[in-house]
Each structure stands twice: as C-alpha cells, then as structure tokens.
Amino acid sequence: MRRKRGDSEATHRQLSRRAFLLGGTQLAFMGALGVRMRHLQVDQADQFRLLAEENRIKFKLLPPARGEVFDRNGVRLAQNIPTYQIKIVREDAGDVEDVLARLGKIVTLDPDTLDDARKQIKRSAPFYPVTVADNVAWGDLSRVSVNAPALPGVTPEVGLSRVYPLGSDFAHILGRVGPVSDYDLDRIEDPDPLLRIPRYQIGKVGVEAKQELRLRGKAGTKQVEVNAAGREMRELDRREGRAGADLQLSVDAKLQNYVQARLGEESASAVVIDVENGDLVAIASSPTYDPNLFVNGISVADYKNLTDNKFRPLASKAVQDTYAPASTFKMITALAALEDGIVDPNDTVRCNGHLEIADRKFHCWKRSGHGTMDLKNSLKRSCDVYYYDLALKVGIEKISAMAKIFGLGVRHDVPMSAVARGLAPTKDWKSNTYGKDWVIGDTVNASIGQGFVLASPLQLAVMAARIATGRDVQPRLIKSIDGVLQPNGAGAPLKVDPENLRRIRQAMYSVVNDRGGTAGSSRIVADDMRMAGKTGTAQVRSVIVKNSEVPWEKRDHALFVNFAPYDNPKYAVAVVVEHGGGGSKTAAPIARDITLQALYDGEPPLSAYPSDARSRISAQQKRLRKVRPVADIGGKDQA
C-alpha cells in the first residue's frame, strides 16, 4: 500500500508540473497575442486605417490637353478636337453578344476594332469599360443615347484627339502622334504613368516627338470610392492637370503651302530661311503624306502604299537626307583659298576641259573647256578645272574647316527627327572610317562638292544665309513657347574677311544675272528683288551618260542655292530635286519661284519674271491655284 501511495504522489506531482507548464505556455501565448493585438490595434492603427482607405479609395489619372501648334502668324497647325467613343461594361450588359448585335444595327462597327474589343472583354474585369467604337460621329453617338434603354452596359464617352488641319503640308515638320506602343514604353526609362492609359497618344516623329514633354503637359487626378469588387461607386475629389505648352513655329503656313505645291510630284525638298533672324519659314519635302492617317493607327494597306513608294513620302528629305552638294560647294573652296591668301581674285587658270593629276585626268563638265578663268567667271560658268587647281594649293583640311564655318558637316539644333550632320571630310576622318590614306584625288573631288562631301538641304540654306550676311546665322524653328519668344538665330559676325565674302556674293550674282551665267534663265528682273545663286549637278554614277538615257534613279541630282534681294538680303533658299538632272534646268526655276513668293508674301506679279517666261509662269500660277489644298489660309488665332 505504501508503494502505491508513493506512486500516486509521484504521478500527482508530474501532472501538476505538466499542468503548470501547459498553463504557463497558454498564459505566455495569450500574453504574446495580447501584445501583438495591442501593437496592431494601437501602435499600427494609423497604418492599417490608411491601407483600408487605399482599398476603398482609388486615384485615376486625368489626361491633360495636348499643347497646340501654330505657324508664325497664328494659323493652327496641330489642334485637339473632341472625339467620341462607345464603350461597354460586361457586368452591366449581361449577354454581351446580344447587346453588340443590337448596337451593330444602330451604328456601323469596325470588324477589327470589334474583334479587339471581344478579346479585351474576355481578359478584363467584368466592370472594366472596353471601347467597341472609336471616332464615332455625333449623329451615331446621338442614336446610341436615344436607344440607351435597349443597350444595357453601353455608354458614350468624349475625349480629345489630335488633328492636323492643313494635312500633308506640315507632315515632315510636325511629324505625327499615335497610340503608345510597347516599343515606345521599352525605349523610355521610367515612363510617365500617362503613357499606360489605353490608346494614349504621344509624338512619334518630328516636332510632336522632339517637343513631347512640353506638349504633353501634366496629368490631373480623380479620387473615386470603390466597393469590395473594385467597381467605382462615386467621385470624391478631382484635380485638373496642366495642359501642354502651345508652340509657335517660325514657318509661314501660306508659303509652306506654296512650296509643297510648287515641288509637285517631284522627289524633292526645299528650305527657306530668313537671313535676318534664322527663322525657317518653309521646310518642304515631296512627296508628302497625310499625318491624320496615323493618329489612331494607320491601316496596313495605307502604310504599305507609303513604304512602297520609291519617292519615299515618309522621309523628311530637307533635314535628314544628304547629297553631294556638287558645284554649290565651290564657294567654300574659293573662300578657303581666299582666306589663306594663296589666290587673288584676278588670278587666272586655263581650262582645256580637264586637269591631269598623278597620271589621271579630272574632267570639267564642259569637255571642250572654258578657256581662261578667274574667280568670278569660274563661278558664273561653274568651271571645274579652276577649283581642281585651287584644291591642290589649299588642301582638304582648310576646305573642310571653311565648310564647317558655313554650316556644312554640322548637325543643326532643329527639333525635327533624324537631323543629318552631313560630312566635311578630313584626312583623319578617312583613316578612322576606312583605314585608308587620303589621296590627292579625294581633295580634287571634294573641291567641286563630290566624293565624300555630303550636305542636307537645310545645311545648304544655312550656308547661303551665312554667305549673304557674313553672320553665323543659326536656323530657328520654334519661335515661341506659351507666348514666350525664343532666342533668334541672327548670329555673330563670322571670322571671315568681309571683302572675300563680297567677292563671292558678286560672283553668285553673275551666275544668275550676267550673260553666260549658268542660272541666267531663272533670273528675277524686278530691280529691287534680284537674287544671287549657284547651280549644282551632283553625279550619282561614275560613267558619264546623258540623264535621258538612264532610269530615273540613276540620273543626277539637281541643286540650287540663292539669296535675295542681292542688295539687302532677306531670304536664302536651297532646293534639291532628286535625280532631276541639271541644277540650272530643274532646281533653279523652282528656287526662283519660291524666292519670289516669299519676297512678295504671296503671288508675285508677272513683271518680276523675264518677259519670255511670263506666259508660261501665268499658266503655272493658274495651275498651282487649283492644286494647292489651301489657297487662302484663314482662321488665325494668335498663339
């Protein structure tokens, strides 16, 4: 019995110990739980209250109005217009296909847009609105509103969309907008949340792209209350964003319209620059295209028509394409020699039709030769041999340096896409690029703007403006931002002897106005409007064959640069006609007509033209009045 009692007491002590441990553990757990609950309910109360509020309240971005773009006189070039959409909410619609079928009987639905909408409806939340029709006409929107009881879940909405009122005239300057793509998001570091809004429009090329941040503005916000399912219940607060900045360009819409029409169907480009302040008053590339096609996404067929066109309508030839400047470069070679003091304007060179250098004949364009040439006559008649001889004396390094002083081989700061640098080659450039030594033939070719030398029409216009003024004229495209004038491009005086520039200007005057000048047939006869210029014909093939005997794409490029009036320069012009043949025959007449249109601020009188050309010019003016898409641009609003 005594043993049993001892066992019982031991067992009792064990049970008591276990009960104590269990009770202690429970008390510790309850204590820890109490401490944790106090931490969550008291110490972190504010944090969890905020999280609850964030689950109940959602913030949504409100897209700002995109800044508008105007010409120098206040004509709207890019604007925003209300655009109407039809959206459907699956949860409210019930039988989506039945509702869509009824909607299709009221308005015309694009099959592609409808297919995209069906896919989005399947992968989106049931309360998410999905667009089933975009850019809906007001009449269609009204019919949807009237039939609202029979279209559950269908709602019309209004937004803003980009429109280019002058269509193709400014396509290569303004560029275009389009819906944000995955490619756009991938190439932007830390993209603005605005860009993730479905079908949000951003600039793709041109001014629209280069000035995107200014034009976009800042988003507003909307605070809405949502239920547990995430559906919006009511709007709690709204803060409007800041509209994008309005831009005023230096371009004149009327002149731009004329230049595009004058270039016609040629694969060509033209630049007009105000030499007094650097304002680009026209920048045209032909053929062009309608940027409105891209705003909401261009069709495959329309895009193919543009990309398959051998004249490349999508290319902004005036700033992104480069060409051998040909004889328009001869002023640079002459200035390099004059500034170096190795030639006197009265020194002469005998042109027999070629110059033999290192057992190779470098031919003049005139195979029979020009005879004895001085500086003035060499430019007037565009004698190649004269410049071959100069090049041997002055060398490529000084020619290249002079080219850069006059804006060639320099990328100008213009807010357009793919602005070209061009090329003013040097010995080091060839060595670094091709791993080959510079040879004397390279210098000879460069002296007449062939070989490695390349320039864009924009650069050629800048060159002409600097020759005309003797100042470092800088091209300006943005005239003002939200009414604030931007610095002009008048420029400081060039470090070039004014007397040497005067001689070059005189020689350019003789090209157009003296008997025997290569551009004599394109002269201006109005005394106060006379121009000075230089023709150029850039070879695109090594074998010399008549242009009429080869396909279009193998013909020479035609170039012309000029400034006017000669006595008090106002505008400089550069024209390039791809595969247009001779500069005097093709490019010079276009440049002359554009120059007169700029000087007279409209259609010039026939008396400004040579008498033997007036009948033809009269017929041309009548034709252009008919084909110009905007004959009388109005509706001006000052930016």
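Predicted, not measured: the structure shown is a model, and the values here were computed from it. (Residues numbered from 1 in each chain as written. Predicted model: local features only at pLDDT ≥ 70, side-chain atom pairs only at ≥ 80, totals over all residues. Heavy atoms only, no water.)

Novice: Whenever I open this one, the overall build of the protein confuses me. Can you help?
Specialist: The helix and strand inventory of the protein stands at 23 helices and 21 strands. For the protein, the residues scored as buried account for 49% of the 639 residues in total. Partitioning the contacts of the protein with sequence separation of at least 6, the portion at a separation of at least 24 is 71%. Total accessible area on the protein stands at roughly 31,300 Å², and carbon and sulfur atoms take up 50% of it. (Helix = DSSP H or I, 4+ residues; strand = E, 2+ residues; numbered from the N terminus. Buried < 20%, exposed > 50% of the residue type's maximum accessible area, 1.4 Å probe, protein only. Contact = heavy atoms within 4.5 Å. Areas by Shrake-Rupley, 256 points an atom, 1.4 Å probe, with all protein chains shown as cover.)

Novice: Teacher, can you tell me more about the environment of M331 here?
Specialist: Tracing the chain through its elements places M331 in helix α14 (residues 330-340). Counting along the chain gives 132 residues from M331 to M463, while the straight-line C-alpha distance between them is 9.6 Å. Beyond its immediate sequence surroundings of up to four residues, M331 is in contact with L379, M463, I467, I504, M508, K534 and V561.

Novice: Please explain the side chain of Q201 as it appears in this structure.
Specialist: Checked against the element boundaries, Q201 lands in strand β7 (residues 201-205). Residue Q201 is classed as buried on the basis of its relative accessible area of 15%. Within polar-contact distance, the side chain of Q201 engages the side chain of S161 at 3.2 Å. Within the structure, Q201 has its side chain in polar contact with the backbone nitrogen of R162 (distance 3.3 Å). Apart from the residues lying within four places of it in its own chain, the contact partners of Q201 are R66, S161, R162, V177, G178, P179, V295 and N296. (Polar contact = N/O pair within 3.5 Å; in protein donor to acceptor, adjacent residues only side chain to side chain.)

Novice: Please clarify how a nonpolar patch on the surface should be interpreted in this entry.
Specialist: Together, F29, M30 and L33 make up a nonpolar patch on the protein surface, roughly 320 Å² of accessible area in all. As for its placement among the helices and strands, M30 is situated in helix α1 (residues 2-43). Taking the relative accessible area as the measure of exposure, M30 reaches 53% and is therefore exposed. (Patch = residues over 30% accessible without salt bridge, like charges linked within 9 Å, V, L, I, M, F, W, Y side chains within 5 Å. Salt bridge = Lys/Arg side-chain N within 4 Å of Asp/Glu carboxyl O.)

Novice: Looking at this structure, how should I read the sheet that holds strand β19 (residues 532-538)?
Specialist: Hydrogen bonds between backbone groups are what pair the strands of a sheet, and the pairing can be parallel or antiparallel. Taken together, the 5 strands give an open sheet; going across it, the order is β12-β11-β21-β20-β19, and neighbouring strands pair in antiparallel fashion. At either end of the open sheet lies a strand with only one pairing partner, and these are β12 (280-286) and β19. Each strand of the sheet is rotated relative to its neighbour by a mean of 5°, with strand direction disregarded. Lying on the sheet, helix α11 (residues 253-263) is in contact with β11 (268-274) and β12; it crosses β12 at an angle near 30°. (Pairing = 2+ DSSP bridges. Axes fitted to C-alpha atoms, helices over the stretch in contact; angles between N-to-C directions.)

Novice: Any chance you could explain the pairing of β12 here in plain terms?
Specialist: The two faces of the sheet receive side chains in turn, since in a regular strand these alternate between them. Most of β12 is tucked away, with 7 of its 7 residues classed as buried. Here 6 bridges tie β11 to β12, and the two strands are oriented antiparallel to one another. Bridged to A270 within β12 is A284. As consecutive antiparallel partners, β11 and β12 are separated by 5 residues, and within that stretch G278 has a phi angle of approximately 85°, a positive value.

Novice: For this particular structure, what's the right way to read the side chain of S316?
Specialist: By the element assignment, S316 lies in the loop between α12 (300-307) and α13 (317-320). Assessed through its relative accessible area of 7%, S316 is described here as buried. Separated by 3.4 Å, the side chain of S316 and the backbone oxygen of H172 make a polar contact. With near-sequence residues (within four places) excluded, S316 lies in contact with H172, S285, D321 and M416.

Novice: Mind showing me how you'd approach unusual backbone geometry here?
Specialist: Glycine aside, negative phi is the norm for most residues, and most peptide bonds take the trans geometry. In this structure, the amide linkage connecting S286 to the following residue, P287, adopts the cis form with an omega of -5°. Note that P287 resides in the loop between β12 and α12. In this structure, P565 follows A564 across a cis peptide bond, with omega equal to -10°. Turning to its location among the elements, P565 is positioned in the loop between β20 (557-564) and β21 (571-577). In this model, A326 sits at a positive phi of 55°, which is unusual for a non-glycine residue. With respect to the helices and strands, A326 occurs in the loop between α13 and α14. A326 sits in the buried class, given a relative accessible area of 1%. Positive phi values are uncommon outside glycine, yet H579 reaches one of about 55°. Inspection of the secondary structure assignment puts H579 in the loop between β21 and α22 (583-599). Overall, the relative accessible area of 12% leaves H579 in the buried class.

Novice: Help me understand the pattern of salt bridges, please; the structure alone is not making it clear to me.
Specialist: Pairs may arise between side chains of opposite charge once their charged atoms sit close together. This structure, assessed with the given rule, holds 32 salt bridges. Here R187 and D184 are joined by a salt bridge, their closest N and O atoms 3.4 Å apart. Taken together, the residues R187 and D184, both in helix α8 (residues 182-187) and 3 residues apart, mark about one turn of the helix. Salt bridges here are not isolated pairs; linked through shared partners, they connect R66, R162, D192, E208, E212 and R216.

By themselves, these are just geometric observations and shouldn't be taken as functional.
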